[in-house]
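Overview (structure and organization)
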Amino acid sequence: MNESEWFIMKKHVEIGYRIAYASGEFAHLADIILYHHEWWNGQGYPQGLKEDEIPLLSRIISILDAFDVMTHQQPYKPAKTINEALHELCLKAGTQFDPTLVPIFIKMMTNKSLSFGNLWCKRD
C-alpha cells in the first residue's frame, strides 16, 4: 500500500470504535476494537499505547487478527502456512504482540508447550 492507502486503512479502528459505541449493544467492546492494533512496544496505532496500557482483550484480538490475516490470501501477499504464521507471531512477541500471550496461543493451536528451540521460535 502507498502512504495515502495506509493512512485510510489505519482509520478502520476508529470507524469500528464509533460503530460499536453507537450501537448500544456493542458499546462495551468499543475500546477493545479501537486498541487492537496497538503494539506491545508502543509502536502501534491509534494512540501508541504499550504493554499493559493496552486492554487485555485488545492484545488477544491482535494475535488472533494477525494469525487470521497471515493464514488467508490477501490482495497484497499470499497466505502463510499455519507453521509460518506461528513462527512469525513468535518472532514478534515482545515487539508487536504480548510476549506472555503468544506462547499461550501457540500452545492452544498446537497442543504443545512453547520452547524457544521449537519450530516456531527458532531465531533466524
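For the structure, see preceding data.
Presented here is an overview of the structure given in this document. Please read all numbers here as calculations on a predicted model, not as lab measurements. (Residues numbered from 1 in each chain as written. Predicted model: local features only at pLDDT ≥ 70, side-chain atom pairs only at ≥ 80, totals over all residues. Heavy atoms only, no water.)

Remark: helix 5 (residues 82–92) packs on helix 6 (residues 101–110), axes separated minimally by 10 Å, with the N-to-C direction vectors making an angle of 165 degrees. On the basis of their axis angle, the class for helix 5 and helix 6 is roughly antiparallel. Helix-helix and strand crossings are classified by hand; for helix 5 and helix 6 the assignment is left-handed. Residues L86, L89 and C90 of helix 5 lie in contact with helix 6, whose contacting residues are V102, F105, I106, M109 and T110. Considering only residue class, the contact of helix 5 with helix 6 consists of seven nonpolar, one polar and no charged. (Axes fitted to C-alpha atoms, helices over the stretch in contact; angles between N-to-C directions. Helix = DSSP H or I, 4+ residues; strand = E, 2+ residues; numbered from the N terminus. Parallel < 35°, antiparallel > 145°, perpendicular 65-115°, else oblique. Left-handed = near helix turned anticlockwise from the far one by under 90°. Contact = heavy atoms within 4.5 Å. Nonpolar A, V, L, I, M, F, W, Y, C, P; charged D, E, K, R; others polar.)

Across the interface, helix 4 (residues 56–70) lies against helix 5 with an axial gap of 9 Å and an inter-helix angle of 140 degrees. Overall, the two elements helix 4 and helix 5 adopt an arrangement that is oblique. Seen from above, helix 4 lies across helix 5 with right-handed handedness. In this structure, helix 4 uses I63, A66, F67 and M70 to contact helix 5, whose residues at the interface are I82, A85, L86, E88 and L89. Among the residues forming the contact of helix 4 with helix 5, the class breakdown is eight nonpolar, no polar and one charged.

The subject of this paragraph is the nonpolar core. If you look at the biggest cluster of nonpolar residues, it comprises 13 residues, and the most contacted ones within it are I63, F67, L86, L89, F97, V102 and F105. At the level of secondary structure, the elements contributing two or more residues to this core comprise helix 4, helix 5 and helix 6. In this view, F97 contacts W40, S62, I63, A66, L89, K92 and V102; residues no more than four positions away in its chain are not counted. Listed in part, the six residues of the second largest apolar core include V13, L34, Y45 and I54. (Core = buried A, V, L, I, M, F, W, Y, C linked by side-chain atoms within 4.5 Å. Buried < 20%, exposed > 50% of the residue type's maximum accessible area, 1.4 Å probe, protein only.)

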